[in-house]
Amino acid sequence: MDVVRRLGKEGHEALWAGGCVRDQLLGKLPKDYDVASTATPEEVIQIFGRRRTVAVGASFGVVMVLGPDKSAGQIEVATFRSDGEYLDGRRPCSVSFCRPEEDAHRRDFTINGMFFDPLEEKFIDYVGGLDDLAAGIVRAIGDPVARFTEDKLRMLRAVRFTATFGFTLDAATADAVRHLRHQIRQVSEERVTQELKRMLSHSSRELSFRLLHESGLLAEILPESFGTVGGTGEETVVATICQQLNYLESDEFETALMLVLLPLRQTNIGVKSTVAIDAVCRRLKLSNDETECVCWLAESLAILDGIRGRLLHVLKPLLAHRYSERLLQASAAIAAAESRPADDVKFCRDYLSMVNREDMCPAPFVNGQDLMALNVPQGPEFRVLLTTIRNEQLDEILTTRTAALERLRELVNARTVG
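Just so we're clear, the structure is a prediction, and the values are computed from it rather than from any experiment. (Residues numbered from 1 in each chain as written. Predicted model: local features only at pLDDT ≥ 70, side-chain atom pairs only at ≥ 80, totals over all residues. Heavy atoms only, no water.)

Chemist: Break down the overall build of the protein chain for me, with residues and values.
Modeler: Helix and strand counts for the protein chain come out as 22 helices and 13 strands. Computed over the C-alpha atoms, the radius of gyration of the protein chain is 28 Å, more than 25% above the 22 Å expected from 2.2 N^0.38 for a compact globule of 418 residues. Taken along the three principal axes of its C-alpha coordinates, the protein chain extends 95 × 55 × 40 Å. Just so you have it, the protein chain exposes about 20,900 Å², and 50% of that area is on carbon and sulfur atoms. (Helix = DSSP H or I, 4+ residues; strand = E, 2+ residues; numbered from the N terminus. Rg over C-alpha atoms; globule rule 2.2 N^0.38 Å. Areas by Shrake-Rupley, 256 points an atom, 1.4 Å probe, with all protein chains shown as cover.)

Chemist: Can you tell me about unusual backbone geometry, naming the residues and giving the values?
Modeler: A positive phi angle, close to 65°, is found at Lys285, a residue other than glycine. Along the polypeptide, Lys285 turns up in the loop between α14 (275-283) and α15 (288-304). Phi at Glu396 is positive, roughly 65°, even though this residue is not glycine. Relative to the helices and strands, Glu396 resides in the loop between α21 (380-394) and α22 (401-417).

Chemist: If you had to explain the sheet that holds strand β5 (residues 74-79) to someone new, which residues and values would you point to?
Modeler: Backbone hydrogen bonds hold the strands of a sheet together, and the pairing may be parallel or antiparallel. Across the sheet, seven strands lie side by side as β3-β4-β5-β2-β1-β8-β9; this open sheet has mixed pairing. Looking at which strands have only one partner, the edges of the open sheet turn out to be β3 (53-57) and β9 (122-124). Neighbour to neighbour, the strand axes of the sheet diverge by 35° on average, direction disregarded. Pairing between strand β4 (residues 62-66) and β5: five bridges, direction antiparallel. (Pairing = 2+ DSSP bridges. Axes fitted to C-alpha atoms, helices over the stretch in contact; angles between N-to-C directions.)

Chemist: Could you give an account of helix α9 (residues 189-200), naming the residues involved and the relevant values?
Modeler: Its twelve residues give α9 an end-to-end C-alpha distance of 16 Å, which sits within 8% of 16 Å, the value for a rise of 1.5 Å per residue. Along α9, the residues that are buried comprise Arg191, Val192, Thr193, Glu195, Leu196, Met199 and Leu200. In the core, the buried residues of α9 are packed alongside α7 (154-165), α10 (205-215), α11 (217-221) and α13 (253-261). (Expected span 1.5 Å × (residues − 1). Buried < 20%, exposed > 50% of the residue type's maximum accessible area, 1.4 Å probe, protein only. Contact = heavy atoms within 4.5 Å.)

Chemist: A description of a nonpolar patch on the surface should follow, citing residues and the corresponding values.
Modeler: Together, Leu25, Phe123 and Leu130 make up a nonpolar patch on the protein surface, roughly 210 Å² of accessible area in all. Locating Leu130 in the fold gives a position in helix α5 (residues 129-135). (Patch = residues over 30% accessible without salt bridge, like charges linked within 9 Å, V, L, I, M, F, W, Y side chains within 5 Å. Salt bridge = Lys/Arg side-chain N within 4 Å of Asp/Glu carboxyl O.)

Chemist: Let's hear about the packing of aromatic side chains: which residues, and what values?
Modeler: Per the stated rule, a full pass over the model turns up eleven aromatic pairs. Counting every residue linked through ring pairs, the aromatic cluster contains Phe109, Phe148, Phe161, Phe165 and Phe167. Sitting above the plane of the Phe161 ring, Arg160 keeps its charged end 4.9 Å from the centroid. (Phe/Tyr/Trp six-rings, centres within 6.5 Å; stacked < 30°, edge-to-face > 60°. Lys NZ or Arg CZ within 6 Å of the ring centre and 35° of its normal.)

Chemist: So what about helix α17 (residues 324-337)? Which residues, and what values?
Modeler: Taking 1.5 Å per residue as the helical rise, α17 with its 14 residues ought to reach 20 Å, and the 20 Å between its terminal C-alpha atoms agrees with that figure. Most of α17 is tucked away: eleven of the 14 residues are buried. Along α17, the residues classified as buried are Ser324, Arg326, Leu327, Leu328, Gln329, Ala330, Ser331, Ala333, Ile334, Ala335 and Ala337. One or two steps after α17, the chain reaches Ser339, where phi turns positive at roughly 55°.

Chemist: How would you sum up the nonpolar core? Please name residues and give values.
Modeler: Membership of the largest hydrophobic core comes to 94 residues, with the highest contact counts inside it found for Leu7, Leu156, Phe209, Leu212, Leu222, Met258 and Leu261. The element contributing the most residues to this core is α15, with eight residues. Judged by nonpolar contacts, the second largest core, of 13 residues, contains Phe365, Leu371, Ile389 and Val412. (Core = buried A, V, L, I, M, F, W, Y, C linked by side-chain atoms within 4.5 Å.)

Below, the structure is given as C-alpha cells:
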C-alpha cells in the first residue's frame, strides 16, 4: 500500500499485479506482492532512494523496494512493459515500456494477468482472468503456442497451477503443451527442478504427476524413468505411482520424488542399488542432502520390509536415522496403494512409543583406541571387530563397557589363535 501510495503521489500509475491479485480473489494470503507502475526504474530509485532500492532487473524494468526495516519485507516494482522477441526460450532480448493493457497481454495465464488498485479497491482485467478464475480454468493469454514458445517453463507452470488450484486446463492450452513438450528440454535443470519441487511438495502432487504424464512432459523431464517403456507397462507404473502419491501424508519433496523414481531401483544379486536414482538426482542439480535423502529412502524401504523379523542392530539405526519418519510415511503410502495393512510401519511406531530415541543410538562401548591397546593392526579387521561389538551392543547382548571389552578380547584372541 505504501509503495503504491508513494508512486501515486509522484504522478505515476501503480497497481498490484499478477499472483497476489489472483490469490486475493481466491481468498488466499499472497506469499508476496508485486507492483506494476508507469514509473521507470530510474524514477522508482529516485522516489525511494538508493538505500531502499535494488536494481534486480533494471534492464527489464524491475526494481526491488526494501521496507523501512527487515520485518517489513520487500516489494518488486516493475514498469509496465511489452516484450521483444524471445531468443533463448526464457527472456526477451528487449523490452519497451507501455500501458497496463499491453503489459497484461504479455503475461502467461489469464488468472495471472489481472491488476488491482488497492487505493480504489478496484480489480482491472484486460484478459478475461476474472471469468476464468470463477470458472476454474487455466488458460494461456492469447495464443498459447506463442506464450510457451516465449518461455518454455510456462508449460510446467500450466500443470502446476491446474493441479494446485484444482482447476481445468483449457483445451487449446493443453494442446499447445503437448505440441511443444519436447522444447522443455531447452530449459535449465535448475528451473525445471524448482517447478518439480513445488508440484511434489504440494498436497495436489498426484494430480500434478498425472497431468505431467498426460501432457507428455513427464517423459521429457524424467526420461530415465518414463517414455522408454511405453504402452500398458508404463501406464501401470504411472497408475501405481499416482496411487502412492495420493496416499502420501507428507509435504516433503524428497519423499515424493523417491516414490516417483523408485522403479529405477535395480536388484543385483539380491542387493538393491540406487545408482540410477542418484544419477537422476545429480542431473536435476539437487543438493547433496536432498540426493542423500532420496537415495537413503529408496535403499531403506527394502530393509523396512519384514522389519519385525530383523535384529535390533538393524531396527535401531533405521529408526534413529534423521529421515526415518519420511521412510515410514513412504512405506505407509505404498501399503495403502496396494490395499494392504502397513504392518511394518505399525510395528515401528509401536516400538518407538516404548523406547527413548536416545537409547536407539547410544555411544559405542569400544573404539579404535581399545583395539590398538590390544595390538590389533589397523586395517579391514578394525571395522569387522568394531561392527561386531556395536551390533551386540545394539542387540542388548552387551550392556556394559566392561562386558564389551571382555568380548573384544575374546574375539581378538580367537583371531590370533586362528
